[in-house]
Amino acid sequence: MPSSPLLFFLLFLCFFCTQLSCTETEVQALLAWRSSLKDPGCLTQNWTSNNISTDPCQWRGIKCNETGSIISLSILSCQIDGTLDKFNFSSFPNLTRLEMVGNENLHGGIPKEIGTLHNLQFLDLRFNNLVGEIPVTISNLSNLEDLDLSFNLLTGAIPSAILNMSGLHSLDLGLNNLTGQIPRTIGNMFNLEELSLNGNYINGAIPREIEHLNKLTGLYLYKNELSGQIPLEIGNMTELQIADLSDNKLQGNIPATIAQLPNLSELDLENNQLNGTVPPYLGNNSNLEWIMLSNNDFIGTFPPLLCRSGKLKYLWATKNSFNSLLPITLKNCSSLIELDLSDNNIRADVSQTFGEHPNLSIINLSENRFYGRLPSNWVKNIMILSLQDNRLRGDIPKELANSTSLVILNLSNNNFSSLPLIQAPTLQSLHVSNNKLTGEFPLLQQNWTNLVTLDIGKNNFYGEMPSWIGSSFPVLKILRLGSNMFEGYIPPKLSMLNNLRLLDFSNNNLKGPIPHVLSHMHSMVVKTITNDSYIDLYFNSTVYEESIDFMWKGVEATYQETIALLTGIDLSCNAFSGEIPEDLMKLQGLISLNLSRNQLSGMIPHNIGNLTSLEVLDLSMNLLSGTIPPSILNLTGLDALNLSHNKLTGQIPSGPQLQTFNLSAFSYNDGLCGFPLPNNCLTHNNSIVPLLRNEARHKKLEVIWIICSVILGYVTGFWAYFGALYWKISLRFVVFHFTDKMQDKMMKWCGRYLH
Amino acid sequence: MAIWFLPFSSVLLLVLSFTSPVISSNSEGDALHALRAKLSDPNNVLQSWDPTLINPCTWFHVTCDNNNRVIRLDLGNSNISGPLGVEIGHLEHLQFLELYRNKFEGKLPDELGNLKYLISIDLSENNLHGAIPKSLSKLKSLRFLRLNDNKLSGPIPRELSLLSNLKALNLSNNDLCGTVPTDGPFSTFPPQSFANNTRLNGPELLGLAPYDFGC
């Protein structure tokens, strides 16, 4: 017993000592780890003191408790280069908060010693380059409440011991390379409020045990390979606010129980293989703000109570098989901001389905069977209005044409019958093609500083093209006026369209020559190298993608992804006359040149080979004459050629690309010869001499002259001789006398010789 | 009754599997995409080749027929290098394969013989080596075969003389050996078609015993 005070003193000393050595060990551990790093980054600066003592509690990113022991360690975007292998975790028994975030050169694995941080409550190692598996020892951290290992390169399956930690409030393992399945033990994590496993390769089904997570507000399982059905039990997760299961391989129906979730505000099921009808009571019991159902196989109608809470802002359901939309669903939904129902089978009257939506800025109903007339005041502050490929009819409201917010207006492929003059200064894209619109050119003259696409083709517009068309569209890239009744001449100022890439005036009544100034279109001179963004919307939207219909390679197709690469001129089916300007051959960016079905004459320009990007050349059904220029052999990218129905002559040039075209490319040209036509050309010494039409005619004339002169010579000679004999008697005597004398002489000579 | 059901249904399934449309157009897009993955394309000629599209018919340098089957591939003079993948054999309706004046390397795939509608093959002016595949003799519609200016070696397959529609053949400037067939369409080809093959021994001598110099 006399030793007891000594014992106490010793214990006290030891305690004090251990405290001191705790702090000392902590500093030593930090410095030892720092010196193990290849590059300590900001730690060189952060982990220094002004005084001589090495008290880490003054250092940046480090917090201590009253006894001077480290409780929090923060290393954020520090540019350290190294691993955690030499980090002595067991030296920090009081650490409650450890975060090392945003160090792209922090690599290697998470050491299992991390499990010795018994007091750890908060562990954040995201945005590093950590590899290997998640150490099971983390499950020993019984005080851990928040665990974030996202944005690393972790592999392997999530240990079931981790998905069993009942103390965890939030778990984020997103954006790694994790595989395996979600273990059933997840049901034990009843304190979990947020679960993020997104952006991995997790497969298998969502376990039913998930229903026990009755404190979970955020469930993020998107971008994985989850399969099977969404468990019915999801309806028991009463605190659930956000459920993002998108980009997986989920199948089956949405369980009807989901409609009973009282707090659900965001439901994202996009890009799965779900089918069936959406539970009809969805929206009845919750505060739905975001509903994403796109790219599945849903059928039927939309749940009528979807907007019951009056909070629905975003409804995306494109690429499904919905076939109806009841008026009750959206008519009074004034909270709506974005609506995408495109590419479905919805048959509904648009004037009954919608009411007033003052917040609606983006609406895409394209590729459906909406019918009826557009209500005039339904989209006041609209930015994107995409209604193409429906059965809408009637007038296009004036309010739309004068909108000061409209950026994209696409009404193509409908039955609209009238279009007021458009004066919408913010407009970047206008598509009204394939309707029953009539009248003169629909735009008002103004400075259309934003218009990139103008597509009014396939209507009944008439009159002349306005002369100001060149000077009012500084950024216009696509001008499609084809299949209308425009007449008159191409305005010369058209060449001022410096950004124009695609020009389609086909199928109209335009006349006159093809103006030389067309060759000044700068954007067509340059070869398009990159598929840059075609249209720059000043806001972010994934709901609308610009596209254009283009007749190319013999078929009219819709070009969306490659719209920025299209460079072409289509003037076919008009009454253009005169020659094809040689200057047009400067447009080296052209991939398609169609001048067919006009009255163009003269020769094909000799430098046609300059158009090296050309894939399609159609000059058929004109009055072109002369030979096919040999430079056409330079068009090594040509995959469609039509020169038929002209007056071309001579030998068809011979080359590898040209030989891939058959008879139909050259037929109905009387003077054309050589492969692939059956008639051979006239050649001399096996050399290919292209006979010009004029040369041939000259040769013919030559022959005729020769024959004529010969005959004339014979006739003149004959009549000169015998004529003289006939008319002049004295001559006759002289000639006959001479002949007799010669005859005597000949007889004498023969007689002497014979004897 | 039930006894007959099983074999009947399996026969039905078998028949159906043979009559069902063989390859969807998207698989032709997949084949082209796989081909592209092996190639180096510094001029970005293939940037329009988007495999997420429903078919490759809107891709540049690809032409389809009315049924959305690829019939032409025109990539001449495009500065492309790399091997010509075996996936080319999936383009079953291909008629024109124009890949001349590039830097294609490696061997000519045997799968070219699967493309029975081929009318023209132009792989001239590349860096191809190895032998001319015998499978080319299956291409009954072939009219133009240009393989000149490569590094092809081995013999000219005698079976090529079976290609009765062959109008033009150019194998010049290679490293071929053995003899040149003289029957069938080979009787019409001028000697320039085989020029500059230093190990080529000239026309074969047809006699009782075939002269095979081996190579």
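Source: prediction; values computed, not measured.

Each value, and the rule that gives it
- Residues numbered from 1 in each chain as written.
- Chains lettered and ligands numbered in written order.
- Predicted model: local features only at pLDDT ≥ 70, side-chain atom pairs only at ≥ 80, totals over all residues.
- Heavy atoms only, no water.
- Helix = DSSP H or I, 4+ residues; strand = E, 2+ residues; numbered from the N terminus.
- Buried < 20%, exposed > 50% of the residue type's maximum accessible area, 1.4 Å probe, protein only.
- Contact = heavy atoms within 4.5 Å.
- Areas by Shrake-Rupley, 256 points an atom, 1.4 Å probe, with all protein chains shown as cover.
- Phe/Tyr/Trp six-rings, centres within 6.5 Å; stacked < 30°, edge-to-face > 60°.
- Lys NZ or Arg CZ within 6 Å of the ring centre and 35° of its normal.
- 1 Å grid on protein atoms, 1.4 Å probe; cavity = no way out; pocket = protein on both sides within 12 Å on 5 of 7 lines; lining within 4 Å.
- Points joined across faces, edges and corners; volume = space filled by probe spheres on them.
- Nonpolar A, V, L, I, M, F, W, Y, C, P; charged D, E, K, R; others polar.
- Buried area = accessible area lost by both parts, 1.4 Å probe.
- Salt bridge = Lys/Arg side-chain N within 4 Å of Asp/Glu carboxyl O.
- Polar contact = N/O pair within 3.5 Å; in protein donor to acceptor, adjacent residues only side chain to side chain.

Engineer: Run through the overall build of chain B, naming residues and quoting values.
Structural biologist: Across its full length, chain B carries two helices and twelve strands. Along chain B, from the amino end to the carboxyl end, the secondary structure elements read α-α-β-β-β-β-β-β-β-β-β-β-β-β. Looking at the 215 residues of chain B, the share that counts as buried comes to 50%. The long-range fraction of contacts in chain B, counting pairs at least 24 apart against all pairs at least 6 apart in sequence, stands at 48%. Carbon and sulfur atoms make up 58% of the accessible area of chain B, which totals about 10,800 Å².

Engineer: Tell me about the packing of aromatic side chains, residues and numbers included.
Structural biologist: Residues and elements named next belong to chain A. As enumerated under the stated definition, the model contains 24 aromatic pairs over all chains in all. Arranged with centres 5.4 Å apart and planes meeting at 25°, the rings of F87 and F92 form a pair that is stacked. Neither residue differs from the other here; F87 and F92 are each classed as buried. Aromatic pair W468 and F473: ring centres 6.2 Å apart, planes at 40°, arrangement tilted. Across this residue pair, the class does not change: W468 and F473 are buried. Clustering of aromatic rings is evident, with ring pairs tying together W33, W47, W59, F87, F89 and F92. Just above the ring of W552 sits the side chain of K553; from NZ or CZ to the centre is 4.4 Å.

Engineer: So what's going on with the environment of P442 of chain A? Residues and values would help.
Structural biologist: Residue and element names in this part refer to chain A. Tracing the chain through its elements places P442 in the loop between β31 (438-439) and β32 (453-455). Linking P442 and F461, residues 19 residues apart in sequence, is a C-alpha distance of 8.3 Å. Ignoring anything within four residues of it in the chain, the contact list for P442 reads L419, P420, L421, I422, I456 and F461.

Engineer: For empty space enclosed by the protein, give the residues involved together with the corresponding values.
Structural biologist: Residues and elements named next belong to chain B. A complete count under the given rule lists one cavity of 30 Å³ or more for this structure. Estimated volume of the largest cavity: approximately 60 Å³. Lining the largest cavity, in full, are L35, R36, L39, W49, L73, L75, L84, I88, L99 and F104. Grouping the constituent residues of the lining of the largest cavity by class yields nine nonpolar, no polar and one charged.

Engineer: Describe the interface of chain A and chain B, naming the residues involved and giving the relevant values.
Structural biologist: Facing the 25 residues of chain A at the interface are 25 residues of chain B. When residues of chain A are sorted by the area they lose upon contact with chain B, K553, T636 and T660 of chain A head the list and together hold 26% of the total. Summed over the shared surface of chain A and chain B, the result is zero salt bridges. Counting the contacts that link chain A with chain B gives seven residue pairs in polar contact (both at pLDDT 80 or more).

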